[in-house]
Amino acid sequence: LYLTRDNMLVDTEAGAPKPAPEALIRPMTQADITALPRYSPAEMASRMVTTAQRNWSDRALLDSHLPGHASRIAPVLGHGISQDATQLPPIRNPHGLAIEWLRIEPGNQVGPFMLPVKQALIVFKGAARVTLNAPDKGIALDAASQELVSVPGNVWSSIACAGSEPVEIAVLTAGNGPAQVTWWPALAEAALAKGVGIDHAGYLAPAHLLPAAQAAA
């Protein structure tokens, strides 16, 4: 196998011609290796989030203020869909995606909502039902523990607990965020009626403190 400067792997045993020497990535020198950063065990531990270290918020999403929409979010890496301004992810440097834990109680759901970017939902505990498209044209996908659902960007989706115990999902959201969450209009209106809106940065705020147009968005 050869790695080119275009970041392509070339397999000569499979019949591909060997690239010219100038087209290949040069191996790291000893000086390059010596210059690599070194991490202590404590520094490595700061890059890990255990289940016991999860910082849950039960008011992380606009619809969590509504009946039938009880959910909690614990951020892990990057800024994802949490709309709780007090939540900071333990790992903050850009990775091109965000990772959050989502927990939904039995009989409850999140959404419908829409993101401009794609998501991957990995069920770790319980069972989930993910519905794509607008509610009147929804297509439901059931996912058990250890199963994954990929949600395209610019598509309405909702995530429901499909079992008798809470479902825990690892939510991977593309981009360095925070993600721009658009809520189904009826949910946004119901939240506004309860006095909750979204500020200019995308976080939840008391509706009476927001400009009229923004509170209604």
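### Overview of the sheet that holds strand S8 (residues 139-143)
Right, on to step 1. In spatial order, the strands read S8-S7-S10-S5-S12; together these five strands make up an open sheet with antiparallel pairing. Each having just a single partner strand, S8 and strand S12 (182-183) make up the two edges of the open sheet.

### Quick look at the side chain of Gln83
Right, on to step 1. Here Gln83 shows up in the loop between strand S3 (71-77) and strand S4 (97-104).
Right, on to step 2. Owing to a relative accessible area of 3%, Gln83 belongs among the buried residues under this scheme.
Right, on to step 3. In terms of polar contacts, Gln83 uses its side chain to reach the side chain of Trp183, at 3.2 Å.
Right, on to step 4. If near-sequence neighbours (up to four positions away) are discounted, Gln83 is found in contact with Ala60, Leu61, Leu62, Val181, Trp183, Ile198, Gly202, Tyr203 and Leu204.

### Structural notes on the pairing of strand S11 (residues 167-174)
Right, on to step 1. Taken across its eight residues, S11 has six buried, putting it largely inside the fold.
Right, on to step 2. Strand direction decides the pairing type here: strand S6 (residues 119-125) and S11, joined by six bridges, are antiparallel. In the strand pairing of S11, Gln119 is matched with Thr173.

### Notes on the nonpolar core
Soluble globular proteins: nonpolar side chains tend toward being buried together.
Right, on to step 1. Counting 33 residues, the largest nonpolar core has Leu62, Leu102, Ile159, Ile169 and Trp183 as its most contacted members.
Right, on to step 2. Aside from chain neighbours lying at most four places away, what touches Ile169 is Glu100, Trp101, Leu102, Leu121, Ile122, Val123, Ala128 and Ile159.
Right, on to step 3. Counting residues in each nonpolar core, the second largest holds seven residues, with Trp56, Val76, Leu77 and Trp101 among its members.

### Section: the packing of aromatic side chains
Right, on to step 1. Taken as a whole and judged by the stated rule, the model has three aromatic pairs.
Right, on to step 2. Seen in terms of ring centroids, Trp156 and Trp184 are 4.9 Å apart; in terms of plane orientation they differ by 80°. Their pairing is edge-to-face. With Trp156 in the loop between strand S9 (148-151) and strand S10 (157-161) and Trp184 in the loop between S12 and helix H3 (185-193), this residue pair connects regions lying 28 residues apart in the sequence.
Right, on to step 3. Residue class for Trp184 comes out partly exposed when judged on its relative accessible area of 25%.
Right, on to step 4. Here the guanidinium or amino end of Arg54 rests over the ring plane of Trp101, the centre of that ring lying 4.9 Å away.

Calculation notes
- Residues numbered from 1 in each chain as written.
- Predicted model: local features only at pLDDT ≥ 70, side-chain atom pairs only at ≥ 80, totals over all residues.
- Heavy atoms only, no water.
- Pairing = 2+ DSSP bridges.
- Helix = DSSP H or I, 4+ residues; strand = E, 2+ residues; numbered from the N terminus.
- Buried < 20%, exposed > 50% of the residue type's maximum accessible area, 1.4 Å probe, protein only.
- Polar contact = N/O pair within 3.5 Å; in protein donor to acceptor, adjacent residues only side chain to side chain.
- Contact = heavy atoms within 4.5 Å.
- Core = buried A, V, L, I, M, F, W, Y, C linked by side-chain atoms within 4.5 Å.
- Phe/Tyr/Trp six-rings, centres within 6.5 Å; stacked < 30°, edge-to-face > 60°.
- Lys NZ or Arg CZ within 6 Å of the ring centre and 35° of its normal.

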